[in-house]
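# Results of the structural survey
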Amino acid sequence: MSNYIGSSKQKLGNKLIGLIVIVAMTFTSINLETVGVYNIKADENVTNIALTADWETLSPEYTDELGYGTVNQWTKVDGKLILANGSPGGLCISKGGTYRLSGRNSSGDIETAKTNIIVKSLDGKPINLILNNVNIEARGTANVSAYDSNYKVGIGAIDIQGNTVCNIILEDGSVNTLKGYTYNAKGDTIRNTAAISVENYYIDESNNALATVTINGQDKNTGYLTCTGAQCGAAIGGNDGRLTGNITINGGNITAYSGKWAAAIGDGDTIYKKWHNDGADVGNWYVNGENKNINCSKIEINGGNVYAMATTATPAIGCSDQLSTSQSGTEGLQWDGMKIEINGGTIIAVGGDIEDTAGVGAGNQTNLNPSNIIINQNGYTKMLVLTKQGGYPIINDTTNANAIPAISSESTATVIDLKFNSKRQANKIEFWELVHGEYIADGEVFPNRELAKLGDDLFTYGIAVVLPSNTYKIKDGENPDIDIVVPDGGGMIPGEEKTDGTVDIKYPPTITTPDSVVVEKGEDAKAEFIVNVTYDKNAASIKYQWQASKDGGNTWSDISADDSYSMENDTTGVKLNVKVGDSFEKDGYP
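Quick caveat: nothing in here was measured; it's all calculated off a predicted structure.

## A look at the packing of aromatic side chains
The relation between two aromatic rings is expressed through the spacing of the ring centres and the mutual angle of the planes. For the structure shown, the criterion picks out four aromatic pairs. When the ring of Trp285 is compared with that of Trp335, the centres are 6.5 Å apart and the planes differ by 40 degrees; the resulting orientation is tilted. One end of the pair, Trp285, is in the loop between helix H1 (273-276) and strand S28 (286-287); the other, Trp335, is in the loop between strand S32 (317-318) and strand S33 (338-342), with 50 residues separating them in the sequence. What makes Trp285 buried here is its relative accessible area of 5%. Between the aromatic rings of Tyr286 and Trp335, the centroid separation amounts to 6.2 Å while the plane-to-plane angle is 55 degrees, which identifies the pairing as tilted. In this pair, Tyr286 is assigned in strand S28 and Trp335 in the loop between S32 and S33, connecting sequence segments 49 residues apart. Accessibility expressed as a relative area gives 10% for Tyr286, which makes it buried.

Below is the structure:
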């Protein structure tokens, strides 16, 4: 990057001047000693449950009848749970407590249990599930729809219902597999399920549900979980035609594969009455253009190793498609029904294979509020995001092919978001961390064994990375190397491939400020305040605007163009701010 250095100064004249300070950024932090670790207390009562191929008998000590809305779907017959329609049921866990699920039979072999684990706390207490080598394939069981009792909603391998808080703990050394159930491969039925279904529905203020799942590792973080959604179902999140509830990943090693048209971690397929008939319809959730009749869900990743891959029209991590279109009766409207917050961990996310579909963020034809995407860097956040078709890998608005990606201004991570004109083989890409422009021996940022999961047939049209501040090189052996600089400070830095194969990265201006300036009182006391601005010579002409605040930064007023500012006699603590950019409304850099 070729830089020009310019400067701007502000003269201050007054009779009584106090301290001039710079607006400080606030960084969030996470206690590394607690992230991703869930240990059972020594005196905690744990109920052991064996889930094997011949799993049938239910012990009454951990099963209850479940009421769902106005219809009691579950009855107990001869020690087994039976659905009201006569279909075999699964295990219902309705009392708060800790349950250890094991898939090993008496010989120590891991077997597959074809069943459903329904988790709905009836006493309002959290339910903890320890997974120890379980292999669960969901059956075709269903509950009635909360929107219309004439329709059935599928039940995931683990199905978290109501307002239940469920903590899933991956036992050290365990390998766990969960699969959703495809009732109809055409995708026109809400019986298709997620592997871990997290309920979210809203009828009115007195009839709604927002379930929460938290996934944790243990001390060694050697527990593994692979989730595969059924047709139109998320791996972790929403069933077909359903929004997801809250999802938090604190630790463990998690692989998530979505069903077609669903996010890997997030919403199920389009929330649209035409396809699902039971009343769940995103168009009904807007009042005068604002999201009113919904529970806003949150996806939060704080730690662990996460590999997420979507298939069609939806992101690996994020919301459903068609949430801002005429198809859903929401054309031109912004979606506020999901928040995404990344605080840590090592994440590889691959978006769906339709043009302008994010890897992280919005599904196809969806405008997600950019303030709802927060990505923080706490020194250990590493994220690689790819797209299978054209578009930025991390983006909030996929309704406009020319949209510039944006995230919340609260983000402390710097996101390098690159869009290509030609495809690149994903598993040939290498990432190197550089010191003073030289390779270092252990410089691979994402080890090849992690990238190998991408497979020989996966090509990407974009790369987004979130890494600790440093200098890096991206190589694939066929295209020109990409040198990137990850600065401190946070924010989105987009880039596009040029005709010669190089990538033009739109780095923001760098503003260098002096320490606070203190001016003694006096009739003619003056101070001169100077900032240096470093910017790309290829950028548009740089503009600047000085501002002053007399109330600690709550409100700001522009300083006139004559570069001087006189403070009132009783002013003792003025804050100054300078905005620099091509356009202050679009590219302001305070």
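## Digging into the environment of Ala406
Structurally, Ala406 can be placed in the loop between strand S38 (394-395) and strand S39 (414-425). Expressed as a C-alpha distance, the spacing of Ala406 and Ile395, which sit eleven residues apart in the sequence, is 6.4 Å.

## Points about the pairing of strand S31 (residues 305-309)
With four of its five residues buried, S31 lies for the most part within the structure. Note: S31 against strand S34 (residues 346-350), five bridges, orientation parallel. Considered in S34, the bridge of Asn305 is made with Thr346.

## Looking at the nonpolar core
The biggest cluster of nonpolar side chains holds 76 residues, and the ones touching the most others in it are Ile158, Leu178, Ile196, Ile317 and Trp335. Among residues more than four places away in sequence, those in contact with Ile158 are Ile117, Val119, Leu129, Leu131, Ile168, Leu178, Ala195, Ile196 and Ser197. In this structure, Tyr307, Phe420, Leu451 and Tyr507 belong to the second largest nonpolar core, which totals 29 residues.

## Some points on the sheet that holds strand S36 (residues 373-375)
Taken in spatial order, the nine strands of this open sheet run S3-S9-S12-S17-S22-S25-S30-S33-S36, and their pairing is parallel. Pairing within the sheet leaves two strands with one partner each, and these edge strands are strand S3 (46-50) and S36. Across this sheet, the average inter-strand angle for adjacent strands is 15 degrees, counted without regard to direction. Bridge count for strand S12 (residues 127-132) against strand S17 (residues 165-170) is five bridges, and the pairing is parallel. Within S17, the position partnered with Ile127 by the bridge is Cys166.

## What to know about the pattern of salt bridges
In total, this model carries eleven salt bridges according to the counting rule given. The salt bridge involving Arg100 is made with Glu171; its shortest N-O contact spans 2.9 Å. Here Arg100 is found in strand S9 (residues 97-102), whereas its partner Glu171 is found in the loop between S17 and strand S18 (175-179), with 71 residues between them in sequence. For Asp476, the salt bridge is made with Arg424, and the minimal N-O distance between the two is 3.9 Å. Note that Asp476 is positioned in the loop between strand S43 (470-475) and strand S44 (482-486) and Arg424 in strand S39, a separation of 52 residues in sequence. Comparing Asp476 with Arg424 shows no difference in burial state: the two are buried. Each of Lys298, Glu300 and Glu341 takes part in salt bridges that share partners, so that together they form one network.

Here is what the cut-offs are and how they apply
- Position numbers for residues start from 1 in each chain and track the written sequence from start to end.
- Given that the model is predicted, a residue must reach a pLDDT of at least 70 before its local features are reported, and side-chain atom pairs must reach 80 or more before they are shown or counted; all residues, however, enter totals for whole chains, interfaces and linings.
- Only hydrogens and water are removed before side-chain values are computed, so all heavy atoms of the structure are retained for them.
- For Phe, Tyr and Trp, rings pair up if their centres lie within 6.5 Å, where Trp contributes its six-membered ring, and each pair is then called stacked (planes under 30 degrees apart), edge-to-face (over 60) or tilted (otherwise).
- Labels follow the DSSP assignment, with helices taken as runs of H or I lasting at least four residues and strands as runs of E lasting at least two, numbered in each case from the N terminus.
- Only protein chains enter the accessibility calculation, which uses a 1.4 Å probe; a residue whose area is less than 20% of its type maximum is buried, one above 50% is exposed, and one in between is partly exposed.
- In this description, strands pair whenever DSSP reports at least two bridges between them.
- Nonpolar core, defined: a set of buried Ala, Val, Leu, Ile, Met, Phe, Trp, Tyr and Cys residues in which side-chain atoms within 4.5 Å join the residues together.
- Contacts between residues were defined by any pair of non-hydrogen atoms, one from each residue, lying within 4.5 Å.
- All axes are obtained by fitting lines to C-alpha atoms, using only the stretch in contact for helices, and the reported angles, taken between N-to-C directions, cover 0 to 180 degrees.
- A pair is scored as a salt bridge if a Lys or Arg side-chain nitrogen falls within 4 Å of a carboxyl oxygen belonging to Asp or Glu.

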